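Fold and geometry: a report
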Amino acid sequence: PPMGFRAACKVWRRSARRFLEERANRLAHRHTTSEIYIRCCLLPTPWPVVSWCLFRYTQQQVYDVVSQVQHYARFVPWCRSSAVLTRSGTACVAELVVGFPPVTERYISQVTLQAHSLVKAKSADSRLFKSLESTWKMSSPPHIAKNSCLIDFQVQYEFQSSLHNTMANLFFEEVTKKMVAAFEKRCASVYGPSLVLQGRPVVSLPDS
């Protein structure tokens with residue numbers, strides 16, 4: 001029988017990840033890239049936007065940058081304000097203000113933390129979003145370059161307004177790219193330049 005849509009997306013993700021790991025391993029020896037971005041597919045809401053990246057920073061360094069939500073307003077595009085309201089060992093509650101002029105939205109984000117490997121944020125109490133969930137997964141497979149970290153970044157969103165959903169589909173992939181680039185730039189500002197600062201090839205997979 002024909003493969004279901006969800007199953008097909010899982011197959012694409014597994015294939016893309018294998019492809020990225022193999023390519024990252026080859027490029028690591030050539031020292032020609034500081035980041036690889038793969039666009040698996042941009043799916044209609046509320047499906048996720050998925051990207052894989054190779055950062056030339058350690059897994060611990062990337063985790064520390066992503067988990068410090070209170071600093072997001074300093075470097076995350078369109079983030080106007082960020083504050084951690086409560087924090088425990090494995091979670092925190094943050095208040096964020098994002099602005100896509102002329103719209104500004106304040107919402108609460110429930111953040112789940114798994115030391116060195118996972119930061120997952122889910123919005124609550126939002127007038128703009130019906131759902132907004134982002135997940136950062138960090139790993140250091142043995143075959144990638146030393147002092148590098150493989151990132152699996154996912155954003156799943158759905159606006160309250162169908163008009164906003166339609167508009168978002170036109171630009172959300174570009175927003176995701178800017179987000180990933182902003183976190184790499186933040187790593188550079190905190191830890192110094194990455195080991196390799198040359199070209200940044202883009203590898204895309206077809207949407208279907």
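This text goes with the structure placed above it.
In short, a report on the structure.

1. Examining a nonpolar patch on the surface
- Together, Leu163, Met167, Leu170 and Phe171 make up an exposed nonpolar region whose accessible area comes to about 440 Å².
- Looking at the secondary structure, you find leucine 170 in helix H4 (residues 162-191).
- For leucine 170, a relative accessible area of 77% gives the class exposed.

2. Remarks on the pattern of salt bridges
- Under the definition given, this model contains 4 salt bridges.
- One salt bridge connects arginine 106 with glutamate 95, and the closest N-O pair in it is separated by 3.3 Å. Taken together, the residues arginine 106 in strand E5 (residues 103-114) and glutamate 95 in strand E4 (residues 91-100) connect sequence positions 11 residues apart.

3. Quick notes on the packing of aromatic side chains
- All told, the structure shown has 7 aromatic pairs when counted by the stated rule.
- With 5.5 Å between their ring centres and 90° between their planes, tyrosine 72 and phenylalanine 183 make a pair best called edge-to-face. With tyrosine 72 in helix H3 (residues 72-75) and phenylalanine 183 in helix H4, this residue pair connects regions lying 111 residues apart in the sequence. Grouping residues by exposure puts tyrosine 72 and phenylalanine 183 together as buried.
- Relative to phenylalanine 183, the ring of phenylalanine 75 lies with its centre 5.1 Å away and its plane at 90°, an arrangement referred to as edge-to-face. With phenylalanine 75 in helix H3 and phenylalanine 183 in helix H4, the pair connects residues that are 108 residues apart, well separated along the chain. An identical accessibility class is assigned to phenylalanine 75 and phenylalanine 183; each is buried.
- One aromatic cluster in this structure is built from Tyr72, Phe75, Trp136, Phe153 and Phe183.

4. Concerning the state of the cysteines
- This structure, assessed with the given rule, holds 0 disulfides.
- The thiol sulfur of cysteine 53 is not disulfide-bonded, and the nearest other cysteine sulfur, from cysteine 149, lies at 9.9 Å.
- Cysteine 53 gets classed as buried once you look at its relative accessible area, which sits at 0%.
- Distance from the sulfur of cysteine 149, which forms no disulfide, to the nearest cysteine sulfur (cysteine 187) is 8.6 Å.

5. Quick look at unusual backbone geometry
- Positive phi, normally seen in glycine, also occurs at histidine 116, with a value near 70°.
- You can see histidine 116 is positioned in the loop between E5 and strand E6 (118-124).
- Residue classification places histidine 116 among the partly exposed positions, given a relative accessible area of 39%.
- A positive phi angle, near 60°, is found at asparagine 147, a position not held by glycine.
- On the secondary structure map, asparagine 147 appears in the loop between strand E7 (129-139) and strand E8 (149-159).

6. Details of the nonpolar core
- Core analysis: the biggest nonpolar cluster contains 38 residues, and Phe55, Val62, Met138, Ile151 and Phe183 have the highest contact counts within it.
- Not counting residues up to four positions away in its chain, the partners in contact with methionine 138 are Gln59, Val62, Tyr63, Val66, His116, Ser117, Leu118, Val119, Cys149, Leu150 and Ile151.

7. Some details on the pairing of E7
- Here 5 bridges tie E6 to E7, and the two strands are oriented antiparallel to one another. Bridged to alanine 121 within E7 is serine 134.
- Hairpin connection of E6 to E7: 4 residues between the antiparallel strands, including aspartate 125 at a positive phi of 55°.
- Where E7 meets E8, 10 bridges bridge the pair, whose relative direction is antiparallel. Each bridged residue has a counterpart across the sheet, and for serine 134 the counterpart in E8 is valine 155.

8. Topic: the environment of proline 77
- Structurally, proline 77 is set in the loop between H3 and strand E3 (79-87).
- By relative accessible area, which is 23% here, proline 77 ends up partly exposed.
- Along the chain, proline 77 and phenylalanine 183 lie 106 residues apart, while their C-alpha atoms are 9.8 Å from each other.
- Aside from chain neighbours lying at most four places away, what touches proline 77 is Lys178, Met179 and Ala182.

Criteria and cut-off values
Residues numbered from 1 in each chain as written. Predicted model: local features only at pLDDT ≥ 70, side-chain atom pairs only at ≥ 80, totals over all residues. Heavy atoms only, no water. Patch = residues over 30% accessible without salt bridge, like charges linked within 9 Å, V, L, I, M, F, W, Y side chains within 5 Å. Areas by Shrake-Rupley, 256 points an atom, 1.4 Å probe, with all protein chains shown as cover. Salt bridge = Lys/Arg side-chain N within 4 Å of Asp/Glu carboxyl O. Helix = DSSP H or I, 4+ residues; strand = E, 2+ residues; numbered from the N terminus. Buried < 20%, exposed > 50% of the residue type's maximum accessible area, 1.4 Å probe, protein only. Phe/Tyr/Trp six-rings, centres within 6.5 Å; stacked < 30°, edge-to-face > 60°. Disulfide = S-S within 2.5 Å. Core = buried A, V, L, I, M, F, W, Y, C linked by side-chain atoms within 4.5 Å. Contact = heavy atoms within 4.5 Å. Pairing = 2+ DSSP bridges.

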